[in-house]
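Examining the three-dimensional arrangement
Listed below are the residues making up each chain.
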Amino acid sequence: MELTSEERAILAGERGEAQRRALEYQLEVGRFWGAKRFVPVTNVHMMGDIEVMGDGGLAWLKEEADLGARCQVATTTNARCIDFAHCDRLGQDAGEVAKERELIATLRRMDVVTTDTCINYQTVYQPHLGEHVAWGDTGTVIYANSVFGARSNFESGPAALAAALTGRTPEYGFHLDEKRKGTFAVELKARLDDLADWGAVGKLVGESHQDYFAVPVFHGFHRAPHADELKHLGAALASYGSMAMFHFVGVTPEAPATLPAEKMVIGEKEIESVYAGYKLGDGDARLVVFSGPQQSLLEMKKLAELFHGRKVQGSCFVTTNGAVLAQSRDLGYAQALEKAGVSILQGVCFYILQNLSLMRERNRWTNMVSNSAKIVNIIGAHRFNTILRRTADCVEVACSGILK
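The following paragraphs examine the structure supplied in this document.

Comments concerning the sheet that holds strand S13 (residues 367-370)
- Spatially, five strands are ordered S12-S11-S10-S13-S14 in an open sheet, and the strand pairing comes out parallel. Strand pairing shows two members of the sheet lacking a second neighbour, strand S12 (343-346) and strand S14 (385-388), which therefore form its edges. With direction set aside, neighbouring strand axes in the sheet form an average angle of 25°.
- Pairing of strand S10 (residues 287-290) with strand S11 (residues 315-320) involves four bridges; the strand directions are parallel. Residue pairing for S11: Val 289 is matched across the bridge by Phe 317.

Here is the structure:
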């Protein structure tokens, strides 16, 4: 790889051992991917919770902090696995809770801003067209690449932290023009009136093109989708297809003028086939989840309206970040949800909750109903029977206790 004088100085240890180690690691990543050089990044978003990192990850972070590791660019964290206000009620392990606190404190020593959110692009930082960033969560990366026209690959936890310490990342993948071109076209003929419908599109497209470098070009839709619709579309594409970018003609900044030769069509029949494809299991309807990604303020408003005057039968969880929750309390949305019996978790995503499998067993949860196609897919390791339903239908299931 071609190195600048600054990068050679970092490798020589002139910026400290932590930066030297970070750049040495990045060189290995760059060589693996055939990168020719590094590109400066302006923002980093990293995954870092005790459920993902474990004892080894925590020990490594503490060692880096002791070596003087400090972020050179603004760095934020993805959702964590413990909401400290609810950990006792959820039966989470006290030892792991203590480790999560220690992990957060260690990140802060390195000047990481612990935002604990997977919707940083809606609430913290919105990169601009052509801006190079190093983001980790798949849903954040596909949104940055597609909707903002920023440039990022899926960065693992260590890779994102290395970028934070050095202020750069290897130039490969979606940092390069040639990888950002559309590879196939998707004509949208369905109405897509609900967030779950957009997730269903992501499932259909992702399952049919499971390729990191596949870039769908959506066209033919009768209106411009809003931010939460694009959020659920991107999260599902990344979950089912490992995709890191899409284009939407007339909406996203890099959408092509000419459609790719390969084409597929999604209409009402295809969307309904997604919903029909989920087995209802034993009919148990004790768990409904609105999470994965975390809820935006407008999603919180919609849920407050749907739950108004109703009561939850069983368990219903909503996850969001601290900023959205604070605004939701100011506006009364959180109180309306809690009055209905909804549990609001802050700073977490449901599928990475520490001890989730034990929670499932203890509460005798078998089915999990959600309007998020991503979580319906990704939570399978915890042995739930998952069911995707539209938002209002999820609320009906939560309040009636009847699975349909």
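Some remarks on unusual backbone geometry
- Of note, the bond from Gly 292 into Pro 293 is cis; its omega dihedral lies within 30 degrees of zero at 10°.
- Counting through the fold element by element, Pro 293 comes out in the loop between S10 and helix H12 (297-307).
- In this structure, Asp 116 is a non-glycine residue whose phi angle is positive, near 55°.
- Mapped onto the secondary structure, Asp 116 falls in the loop between helix H5 (94-109) and helix H6 (120-123).
- Owing to a relative accessible area of 8%, Asp 116 belongs among the buried residues under this scheme.
- Not every positive phi belongs to a glycine, and Asn 355 is a case in point at roughly 70°.
- Relative to the helices and strands, Asn 355 resides in the loop between S12 and helix H15 (356-363).
- The class of Asn 355 is buried, set by a relative accessible area of 19%.

Some words on the nonpolar core
- Judged by nonpolar contacts, the single largest core of 93 residues is most densely connected at Leu 188, Val 205, Phe 218, Phe 307 and Phe 350.
- Aside from chain neighbours lying at most four places away, what touches Phe 307 is Phe 290, Val 312, Cys 316, Leu 337, Ala 340, Val 342, Val 395, Ala 398 and Cys 399.
- Counting residues in hydrophobic clusters, the runner-up holds 28 residues, among them Val 41, Leu 58, Val 112 and Ala 162.

Conventions adopted
Going along each chain's sequence as written, the residues are numbered from 1 onward. Selection of residues for local features in this predicted model requires a pLDDT of at least 70, selection of side-chain atom pairs for listing and counting requires 80 or more, and totals for whole chains, interfaces and linings are taken over all residues. Hydrogen atoms and water are omitted, and side-chain values are computed over all heavy atoms in the structure. Paired strands, in this sense, are two strands between which DSSP finds at least two bridges. Helix and strand assignments come from DSSP, with helices taken as H or I runs of at least 4 residues and strands as E runs of at least 2, each series counted from the N terminus. Note on geometry: axes are lines fitted to C-alpha atoms, helical ones only across the stretch in contact, with angles between N-to-C directions running from 0 to 180 degrees. Here's how the labels work: a residue is buried when its accessible area is under 20% of the maximum for its type, exposed when over 50%, partly exposed in between, all with a 1.4 Å probe on protein chains only. Nine residue types can take part in a nonpolar core, namely buried Ala, Val, Leu, Ile, Met, Phe, Trp, Tyr and Cys, and a core is a set of them joined through side-chain atoms within 4.5 Å. Here, residues are in contact when the closest pair of their heavy atoms is within 4.5 Å.

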